[in-house]
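# Residue-level structural notes
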Amino acid sequence: MDYAQPPPDQAPDANGASNGPMIQSSDIFDGSAAVYQWNDEYGDVGPKLEALELELFGDPATRHERTGLDFRRIESIEVKQEGPVKIEPIKNFKEAGLHPVMLENVLLAGYTHPTPIQKFTIPAIISGRDVIGIAQTGSGKTGAYLIPILSRLMGKAKKLAAPRPNPATFCEGRDEVTAEPLVLIVAPTRELAVQIFNEARKFCYRTMLRPCVVYGGTPVPEQIRLLSRGCDVLIGTPGRLVSFLNKPRVLTLRRLKYLIIDEADEMLDIGWQEDIQRIMLGGDQDEGNVKYGLFSATFPKTARDLAKEHLAAAHVRFRVGRAGSTTENIKQIIVQTEPHEKRNVLLQLLNEMHGVRTIIFANSRQEVDCLDDFLFNMKLPVTSMHSERTQLEREAAMRAFRAGTAPILIATGVTARGIDVRNVMHVINYDLPSMDHGGIEEYTHRIGRTGRIGHRGVATSLFTERDEPIASVLTRTLLETKQEIPDFLEIYKPDLAPAGRWGQ
Ligand code: ADP
Ligand code: MG
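Residues numbered from 1 in each chain as written. Chains lettered and ligands numbered in written order. Predicted model: local features only at pLDDT ≥ 70, side-chain atom pairs only at ≥ 80, totals over all residues. Heavy atoms only, no water.

### Description of the sheet that holds strand E1 (residues 79–82)
In plain terms, the rule: DSSP bridges decide pairing: two strands pair if at least two such bridges lie between them. Only DSSP runs of H or I covering at least 4 residues are called helices, and only runs of E covering at least 2 are called strands; the numbering of each starts at the N terminus. As a rule, the C-alpha atoms of each element are fitted with a line to give its axis, helices using only the stretch in contact, and angles between N-to-C directions run from 0 to 180 degrees.
Taken together, the eight strands give an open sheet; going across it, the order is E1-E8-E2-E7-E6-E3-E5-E4, and neighbouring strands pair in mixed fashion. Looking at the sheet topology across the chains shown, the edges are occupied by E1 and strand E4 (211–214). Shown here is a sheet whose adjacent strand axes are inclined to one another by a mean of 15°, direction ignored. For strand E2 (residues 131–134) and strand E7 (residues 291–296), the ladder comprises four bridges, and the chain directions are parallel. Residue pairing for E7: Val-131 is matched across the bridge by Gly-293.

Here it is in structure tokens:
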């Protein structure tokens, strides 16, 4: 089967953003998606709302689409814990002591078993610990903090949360409030913030907790409008958060109880330290009363320093599998090629694995644009994304990719960080990451876009002589994840001298 051609009105334009979905949603930002509207007359738990339930959790018939997951495989993954207290992992969600509404929401979301990181972070956070969670991409880190935090807050929302207007009687210009979130989640990219927001919308269903997301590229007044309805769980990118923190009538952290940094390694790496410091310290919060969580796939020094500075000495740290190493259920192929042959190799790869969701990574925005034009002219259903696109273009590209109208997404590494789209079967590193832009950690993140939670995936990387600096650490990664080593990388194999060093 060849790629189904998208209908003409949804063909990507020269910039690669799909026209169709964009026109339909020209004034709808992902951040304005429906959330559960709490009514003061509800007791402790709100009633079910069928239409919203369908929107949040999808059709019950396909909700358990994930039953194909190989959970035995996942269960066998080892989790290492470090810290002064020992956390007894939970075995299942039922025995986790979750608020009954949270338990229902978890099941509605189709989560039948906790993932390894969730087994540890759920009891740790419920017992009030600061937590560092290091686990491969696709291992369920979002739920690992959202589930216990929101569950703990559910019973106490009425006491802790700021007063908010009743949606039924809301009057513009009269009832606006300052957003005083109990939970703040900071994420590096807009797409990721939206993705976390969407998970939060599910878990906040039927509760008083109101999620909200803020990120750059969307009109400030629109976001202020949403915040002014009340906000208990705020998700945001650093820049936009800092600009709202500078407007204390819009946003204050004085009620803050939990602060989570997601993709912590990335957040500390690309020049955001100042914003992060400002968020960690400068929002009126009572630092002694705030619980912290750092979540990441890798745990480099900058993140360790941040942890030392802010987390309680009694925090617990969990590492799933080997930090920074990729799961064995991703088949990694490295193809040696000449720079001028790359496009042909790419076409060949797309042809060999056609009709599947594919993400192609390039290292520069210009390259992303060029490849988009090239593949579009080859009549392939592509869309693309990088940081110079407008927010609407980025959201449209993600939507087209998710919906499958454009199953090939071309992106720069940073933009695609943390994105979770089901069934990405193939990741192609058209460019391998360079050593001074993320190196092997970036490689790990990128290929982690496939092989999510127990699914198998393929990651193919084009290797040219320019990539020699990454060759030895790449070879080591291949060995550690039990991959085949292509002949041309044999020379980079570490010395086997201390016998069996890699085989044990
Ligand atoms: P990470 O942050 O570790 O990369 P995510 O939190 O994005 O991973 O989760 C990856 C995917 O797995 C998401 O689609 C999420 O809904 C799903 N997921 C998370 N936990 C579970 C679970 N316990 N059971 C089934 N699916 C899960
Ligand atoms: Mg994540």
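So that's the structure; there's more coming.
### Considering the site of ligand 1
Rules: A single heavy atom is enough: if one lies within 4 Å of a molecule or strand, its residue is considered near that molecule or strand. Any residue outside Ala, Val, Leu, Ile, Met, Phe, Trp, Tyr, Cys, Pro, Asp, Glu, Lys and Arg is labelled polar, Gly included; the first ten of those are nonpolar and the last four are charged.
Residues in contact with ligand 1 amount to 18 residues; listed here are only the nearest, Tyr-111, His-113, Gly-138, Thr-142 and Asp-420. Across the shell around ligand 1, the residue classes tally to four nonpolar, nine polar and five charged.

### Considerations on the pairing of strand E5 (residues 233–236)
Our working definition: Relative accessible area decides the class of each residue, using a 1.4 Å probe on protein chains only: under 20% of the type maximum gives buried, over 50% gives exposed, and in between gives partly exposed.
Burial of the side chains of E5 extends over both faces: Val-233 and Ile-235 are buried on one face and Leu-234 and Gly-236 on the other. Taken together, the four bridges between strand E3 (residues 183–186) and E5 define a ladder with parallel strand orientation. Note on E5: the bridge partner recorded for Leu-184 is Leu-234. Across four bridges, the pairing between E4 and E5 is parallel.

### With respect to empty space enclosed by the protein
Here is the rule we go by: A cavity, in this analysis, means grid points on a 1 Å lattice covering only the protein atoms where a 1.4 Å probe fits yet has no way out; a pocket is instead an open set bounded by protein on both sides within 12 Å along at least five of seven lines, and a residue lines either one if it has an atom within 4 Å of a point. Grid points are joined across faces, edges and corners, and a volume is the space filled by probe spheres set on the points.
For the coordinates displayed, the defined rule picks out six cavities of 30 Å³ or more. A volume near 110 Å³ is recorded for the largest cavity. What lines the largest cavity is a set of 13 residues, and nearest its centre among them are Trp-38, Arg-164, Pro-165, Pro-167 and Arg-210. Grouping the amino acids of the lining of the largest cavity by side-chain chemistry returns six nonpolar, three polar and four charged.

### Looking at the pairing of strand E13 (residues 424–429)
Most of E13 is tucked away: five of the six residues are buried. As paired strands, strand E10 (residues 357–362) and E13 are joined by five bridges and run parallel to one another. Its bridge partner being in E13, Thr-358 is matched across the sheet by His-426. Examined bridge by bridge, E13 and strand E14 (residues 457–463) share four bridges and lie parallel to one another. Within E14, the position partnered with Asn-429 by the bridge is Ser-461.

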